[in-house]
Amino acid sequence: MRAELKSALEEAGRDSGEIEIIAVSKTHSADFIRPLLIAGHRVFGENRIQEAAAKWPALRDDFDDVVLHLIGPLQSNKAKEAVALFDVIETLDRPKIARVLAAEMEKQDKHPALLVQVNTGEEPQKAGILPAEADAFIAQCRDEFSLSLAGVMCIPPVDEPPAPHFALLAKIAERNDLETISMGMSHDYAIAAQMGATHVRVGSAIFGPRGTP
Ligand SMILES: *Cc1c(COP(=O)(O)O)cnc(C)c1O
């Protein structure tokens, strides 16, 4: 998939060094993850804190430069564990989480990079701040909670073309001075890469299909 990503980037006049592949290892055991680590890959994504806490500390004993992204929903009672375990938290999406993350980061003196998740499709069942509220929320994170934000992420609706969602997210990033743009999954990472993604989150195209959890 790296070759396909490279050609998509080239088409868009971007350099392959401009994009990071987050290998989404959710549901896969350490035995499946280890070969990728041995091959040199270091950036991984998990969507459940419990599962990540069970797998990653042992893997990190052997590969201490791993960069772990939380890409799944975050409850405030899990903020402590999330700050301790992850290097990047991609799912900051409401004031309550911003408040507890700010407090935990200070307490642990550990500062994972933070991305604001935007619910670009305005889907009721999906996490993320609504696009119309994104600017105000980003300002609130900065002003009220003194958080330094790294970027934005989105998960477009499964049944819609992703491009308008990627364009919307890139626009929100640009007007709020945010560098990191996490968008694109196995079926649409090439489009995301052409539309300004700095990170693509790729699971099944790397690891193969996931079993039912
Ligand atoms: C599972 C997941 C992915 C990866 O999905 P694939 O289709 O397997 O590439 C990306 N982002 C998020 C938020 C996920 O939960």
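Refer to the preceding data block for the structure.
As a starting point, this report considers the structure included with it.

Definitions and cut-offs
- Sequence order sets the numbering: in each chain, residues are counted from 1 along the sequence as written.
- Predicted model: local features are reported for residues with pLDDT of at least 70 only, side-chain atom pairs are reported and counted for 80 or more only, and whole-chain, interface and lining totals are derived from all residues.
- Neither water nor hydrogens contribute to the side-chain values; these are computed over all heavy atoms in the structure.
- A helix here means a DSSP run of H or I that spans at least four residues, while a strand means a run of E at least two residues long, and both kinds are numbered starting from the N terminus.
- Radius of gyration here is computed from C-alpha atoms only, and the compact-globule reference equals 2.2 Å multiplied by the residue count raised to the power 0.38.
- Partly exposed describes any residue whose relative accessible area lies between the buried limit of under 20% and the exposed limit of over 50%, with all areas from a 1.4 Å probe on protein chains only and scaled to the type maximum.
- When checking whether two residues touch, look at their non-hydrogen atoms; a contact exists if any pair is within 4.5 Å.
- Note on areas: Shrake-Rupley with a 1.4 Å probe; residue coverage comes only from the protein chains shown.
- His residues and chain termini do not enter the charge count, which takes Lys and Arg as positive and Asp and Glu as negative.
- Every charge is mapped onto a representative atom, which is NZ of Lys, CZ of Arg, CG of Asp or CD of Glu.
- Each axis is a line fitted through C-alpha atoms, and for a helix only the stretch in contact is used; angles between axes span 0 to 180 degrees, taken between their N-to-C directions.
- To sort the angles, those under 35 degrees are grouped as roughly parallel, those over 145 as roughly antiparallel, those from 65 to 115 as roughly perpendicular, and the leftovers as oblique.
- When the near helix sits turned anticlockwise from the far one by under a right angle, the crossing is termed left-handed; a clockwise turn instead gives a right-handed crossing.
- Residue classes follow a fixed rule: Ala, Val, Leu, Ile, Met, Phe, Trp, Tyr, Cys and Pro count as nonpolar, while Asp, Glu, Lys and Arg count as charged, and any other residue, Gly among them, counts as polar.
- N or O atoms within 3.5 Å of each other form a polar contact, as long as, within protein, one can give a hydrogen and the other can take it, and as long as residues adjacent in sequence are counted only when both atoms are side-chain atoms.
- Proximity is defined per residue: if any heavy atom of the residue lies within 4 Å of a molecule or strand, that residue is considered near it.
- Salt bridges are counted wherever a side-chain nitrogen of Lys or Arg sits within 4 Å of a carboxyl oxygen of Asp or Glu.

Glancing now at the overall build of the protein chain. From N to C terminus, the protein chain includes nine helices and eight strands. By the compact-globule yardstick of 17 Å for 213 residues, the protein chain fits well, its C-alpha radius of gyration being 16 Å. With the C-alpha coordinates of the protein chain rotated into their principal frame, the extents come out at 45 × 40 × 30 Å. When burial is assessed residue by residue, the protein chain has 48% of its 213 residues classed as buried. Partitioning the intrachain contacts of the protein chain with sequence separation of at least 6 by distance along the chain shows that 58% fall at a separation of at least 24. Taken as a whole, the protein chain presents about 10,300 Å² of accessible surface, with 51% of it coming from carbon and sulfur. Charge-centre separation for the protein chain: the mean point of 22 positive side chains lies 5 Å from the mean point of 32 negative side chains.

The next subject is the packing of helix 6 (residues 131-143) against helix 7 (residues 163-175). Two numbers describe how helix 6 lies on helix 7: the axes approach to 11 Å, and their chain directions differ by 25°. One element, helix 6, and the other, helix 7, form an angle in the roughly parallel class. Handedness of the crossing formed by helix 6 with helix 7: right-handed. Across from Pro-131, Ala-134, Asp-135 and Ile-138 in helix 6, the residues of helix 7 making contact are Leu-168, Ile-172 and Arg-175. A class-by-class count of the residues in the contact of helix 6 with helix 7 yields five nonpolar, no polar and two charged.

With respect to the helices and strands, the residue His-69 is situated in strand 3 (residues 67-70). Given a relative accessible area of 3%, His-69 falls into the buried group. Within the structure, the side chain of His-69 is placed 2.7 Å from the side chain of Glu-90, a separation counted as a polar contact. Not counting the four nearest positions on each side in its chain, His-69 is found in contact with Ile-22, Val-43, Phe-44, Gly-45, Glu-46, Phe-86, Val-88, Glu-90 and His-199.

Attention now goes to the site of the ligand. For the ligand, the full set of nearby residues is Val-24, Lys-26, Ile-71, Ile-155, Met-185, Ser-186, Arg-201, Val-202, Gly-203, Ser-204 and Arg-210. The contact in question runs from a nitrogen atom of the ligand to an N or O atom on the side chain of Arg-201, over 2.9 Å. In the environment of the ligand, an oxygen atom lies 2.8 Å from a nitrogen or oxygen atom belonging to the backbone of Gly-203. In the complex, the protein chains occlude 91% of the 380 Å² of accessible area that the ligand would expose alone.

Time to look at the pattern of salt bridges. Opposite charge on two side chains makes pairing possible when the charged atoms of those side chains draw close. For the structure on display, the rule yields 12 salt bridges. Between Lys-55 and Glu-51 there is a salt bridge, and its shortest N-O distance comes to 2.8 Å. Residue Lys-55 and its partner Glu-51 are both found in helix 3 (residues 49-62); the two are separated by four residues, about one turn of the helix. Each of the two residues, Lys-55 as well as Glu-51, counts as buried. Residue Glu-144 pairs with Arg-99 through a salt bridge whose shortest N-O separation is 3.9 Å. Separated by 45 residues along the polypeptide, Glu-144 in the loop between helix 6 and strand 6 (151-154) and Arg-99 in helix 5 (residues 95-108) bring together distant segments of the chain. In this structure Glu-144 comes out as partly exposed when scored by relative accessible area, which is 48%.

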